[in-house]
Amino acid sequence: APQGEQVPVQGVTGQPGRLVQRRLLAQILESRMDDILHSVSDEVHASGCAERLDAGYVLVGGTSILPATLEFAERVFEAPVRLGVPGEGLGGMVELIRDPRFATAAGLLLAGADVLGSALPGVAPGQGGDGLRERLARLLRWRGDQASV
């Protein structure tokens, strides 16, 4: 990046956006990333689970797609790290959410479908339906039925 290059940064809570030096933004992001990854590493080691993570760690969320994040995480964790992308176990609109930014939401939908599967009409536990749209429709129909009880 050229010396002094600036990048636009969106404002929050109604504040206008502004230009920030790329180097400053990178320093802030690297510092926060270091704090967060070391906190995760400390918690995993304190729980005794670190020895059982032979396959390594999976990062999800929008931050995980920033350049050099996986390499940075591998240095902190001293273990393999890969990018988590939703898609397995989903049907229908999966191409719209095949992105690490949607991994948590997709996982919660699948977990909810499994938990509520036995309560949803015509859905066995562990089988949330034939596609994301159908799963959501069944969940919403079930919620509507429960609200009227």
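Everything in this summary refers to the structure shown in the same document. The structure presented is a predicted model; accordingly, all values stated were derived computationally and were not measured.

## Overview of helix α1 (residues 22-47)
Helical geometry: 3.6 residues make up each α-helical turn, so side chains three or four residues apart lie on a common side.
Phase 1 of the analysis: Its 26 residues give α1 an end-to-end C-alpha distance of 37 Å, which sits within 8% of 38 Å, the value for a rise of 1.5 Å per residue.
Phase 2 of the analysis: Those residues of α1 that sit buried are Met-33, Leu-37, Ser-41 and Val-44.
Phase 3 of the analysis: The secondary structure elements touched by the buried residues of α1 are β3 (57-59) and α2 (69-77).
Phase 4 of the analysis: Looking one or two residues beyond α1, the residue adopting positive phi is Gly-48, at roughly 80 degrees.

## Observations regarding unusual backbone geometry
Phase 1 of the analysis: With phi around 45 degrees, Thr-13 is a residue other than glycine that occupies positive phi space.
Phase 2 of the analysis: Within the fold, Thr-13 resides in the loop between β1 (6-9) and β2 (18-21).
Phase 3 of the analysis: Even without being glycine, Ala-68 reaches a positive phi, approximately 70 degrees.

## Some words on the side chain of Ser-64
Phase 1 of the analysis: Along the chain, the position of Ser-64 falls in the loop between β3 and α2.
Phase 2 of the analysis: With relative accessibility at 5%, the residue Ser-64 sits in the buried group.
Phase 3 of the analysis: When neighbours within four sequence positions are excluded, Ser-64 is seen to be in contact with Leu-59, Thr-69, Leu-83 and Pro-100.

## What about the layout of surface pockets?
Phase 1 of the analysis: The calculated volume of the largest pocket comes to roughly 480 Å³.
Phase 2 of the analysis: Lining of the largest pocket is provided by 20 residues; of these, Arg-22, Ala-26, Gln-27, Leu-29 and Glu-30 occupy positions nearest its centre.
Phase 3 of the analysis: Top contributing element to the lining of the largest pocket by residue count: α1, with seven residues.
Phase 4 of the analysis: Of the voids in this model, the second largest pocket is the one considered here, and its volume is about 210 Å³.
Phase 5 of the analysis: Met-33, Ile-36, Leu-37, Val-40, Tyr-57, Val-58, Leu-59, Val-60, Thr-63, Ser-64, Thr-69 and Phe-77 together form the lining of the second largest pocket.
Phase 6 of the analysis: Breaking the lining of the second largest pocket down by element, the ones donating at least two residues are α1, β3 and α2.
Phase 7 of the analysis: In terms of residue count, α1 provides more of the lining of the second largest pocket than any other element does, four residues in total.
Phase 8 of the analysis: Among the residues forming the lining of the second largest pocket, the class breakdown is nine nonpolar, three polar and no charged.

## Considering the nonpolar core
Phase 1 of the analysis: Membership of the largest hydrophobic core is limited to 12 residues, which are Met-33, Leu-37, Val-44, Ala-50, Tyr-57, Leu-59, Phe-72, Ala-73, Val-76, Phe-77, Ala-79 and Val-81.
Phase 2 of the analysis: Residue assignment for this core shows that the elements contributing at least two residues are α1, β3 and α2.
Phase 3 of the analysis: A total of four residues in this core trace back to one element, the largest contributor, which is α2.
Phase 4 of the analysis: Among residues more than four places away in sequence, those in contact with Val-76 are Asp-34, Leu-37, His-38 and Ser-41.

What counts as what
- Residues numbered from 1 in each chain as written.
- Predicted model: local features only at pLDDT ≥ 70, side-chain atom pairs only at ≥ 80, totals over all residues.
- Heavy atoms only, no water.
- Helix = DSSP H or I, 4+ residues; strand = E, 2+ residues; numbered from the N terminus.
- Expected span 1.5 Å × (residues − 1).
- Buried < 20%, exposed > 50% of the residue type's maximum accessible area, 1.4 Å probe, protein only.
- Contact = heavy atoms within 4.5 Å.
- 1 Å grid on protein atoms, 1.4 Å probe; cavity = no way out; pocket = protein on both sides within 12 Å on 5 of 7 lines; lining within 4 Å.
- Points joined across faces, edges and corners; volume = space filled by probe spheres on them.
- Nonpolar A, V, L, I, M, F, W, Y, C, P; charged D, E, K, R; others polar.
- Core = buried A, V, L, I, M, F, W, Y, C linked by side-chain atoms within 4.5 Å.

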